[in-house]
Amino acid sequence: MKLPSVTGPEHYAGLYAFDFGDWTSVGYTAEEIALLYEREQYQHGKVFKIVRAGPDGALELQGVARERFLLESGLFFHRLAQTAALADCAALRHLAEITPPPCRAKLQCADYGAPAERDRYVVALIYPAEYEAAVSQWLLAGRYTGGDLVEGGPSHVTNYYETEKTLLERHQLWSAGSHETRTADEVYASVRRTVQR
C-alpha cells in the first residue's frame, strides 16, 4: 500500500485511509468509510485509522476491521426510578451541548414496563461501534455518572432494539468534529482522489 503525501499531516490524525487495491485514499471520516462499504465494489477494501501524523508527513496507521463500520454499539444506563432515568437523560443532553460527543449518537430514555425488574427504565446511548473508545473517553472527561447499572456493547444494542418498550424521550446528539462528513454522492464522486481533504 502506497500512501499519498499530504499537506498539514497533523490535521489527518483521527481520520482514515482506505486501500482500494489499485490506489489508496486518505482523509475519510468513519461515516464516509461506512458509506464506501455500502457499495459492493468497495466491500473488499481495507481501512486504516490514522492514529498519529508527524510534521514530516509520516502517518502512523492502525488497521480496523470492516465490521466496526457496520455495527452499532451502545451504553445502557439502567434505573429503577423514572425520575432518575429522566435526570440521566437530561445530564447527557447537557453534556453534549457543552462538549459535543465524538460522533453522532442516538439518545433514548425508555420504560420497559416491568415494575419488579432492576432495569425498568433505561437511558440508551447508541453510536457507531468504531467510536466505542472515544465515547467512553468523552463520558469520563465529562464526569458523567448515570445509571445504577451500566451495560454496553453491540449485543446490548440488539437486545435493546428487540425489547418491547415505551420511549419516554428521544434525541439525536451531533458531533462538532473538525471534519464534516460529506454526503454519499460527494464520497462516491471523489473515490479516485488520493487525498480526500
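From a predicted model like this one, the values you see are computed outputs, not experimental measurements.

Draft legend 1. View of the pattern of salt bridges. As enumerated under the stated definition, the model contains 10 salt bridges in all. Its salt-bridge partner being Arg 120, residue Asp 111 comes within 2.7 Å of it at the nearest N-O pair. Judged by its relative accessible area of 12%, Asp 111 falls in the buried class.

Draft legend 2. Molecular detail of the sheet that holds strand S5 (residues 72–79). One open sheet holds the five strands; their spatial order is S8-S5-S7-S6-S9, and the pairing between them is antiparallel. In this open sheet, the two edge strands, each paired with only one partner strand, are strand S8 (149–152) and strand S9 (166–173). When strand polarity is set aside, the average angle formed by the axes of neighbouring strands in this sheet is 15°. Relative to strand S7 (residues 121–128), S5 runs antiparallel, the two being bridged by eight bridges. Paired with Leu 75 across the bridge in S7 is Leu 125. This element, helix H2 (residues 82–98), spans S5, strand S6 (105–111), S7 and S9 of the sheet and lies at about 10° to S9. Packed onto the sheet, helix H3 (residues 132–141) meets S5, S7 and S9 and runs at close to 130° relative to S7.

Draft legend 3. Representation of the confidence of the model for the protein. The predicted model of the protein averages 90 in pLDDT, with 96% of residues at 70 or higher. Mean pLDDT across the secondary structure elements of the protein bottoms out at helix H1 (residues 30–38), with 89, and peaks at H2, with 97.

Draft legend 4. Structural context of the state of the cysteines. For the structure shown, the criterion picks out zero disulfides. Not part of a disulfide, Cys 89 finds its nearest cysteine sulfur in Cys 109, a span of 5.2 Å. Classification of Cys 109 as buried rests on a relative accessible area of 0%.

Draft legend 5. Here's a closer look at the side chain of Glu 31. Among the structural elements, Glu 31 can be located in helix H1. Here Glu 31 occupies a buried position and makes no salt bridge, while the nearest side chain of opposite charge, Arg 104, is found at 4.9 Å. Glu 31 has contacts with Cys 103, Arg 104, Tyr 131 and Thr 181, leaving out every residue within four places of it along the chain.

Criteria and thresholds
- Residues numbered from 1 in each chain as written.
- Predicted model: local features only at pLDDT ≥ 70, side-chain atom pairs only at ≥ 80, totals over all residues.
- Heavy atoms only, no water.
- Salt bridge = Lys/Arg side-chain N within 4 Å of Asp/Glu carboxyl O.
- Buried < 20%, exposed > 50% of the residue type's maximum accessible area, 1.4 Å probe, protein only.
- Pairing = 2+ DSSP bridges.
- Helix = DSSP H or I, 4+ residues; strand = E, 2+ residues; numbered from the N terminus.
- Axes fitted to C-alpha atoms, helices over the stretch in contact; angles between N-to-C directions.
- Contact = heavy atoms within 4.5 Å.
- pLDDT = per-residue confidence, 0-100.
- Disulfide = S-S within 2.5 Å.
- Lys, Arg positive; Asp, Glu negative; His and termini not counted.

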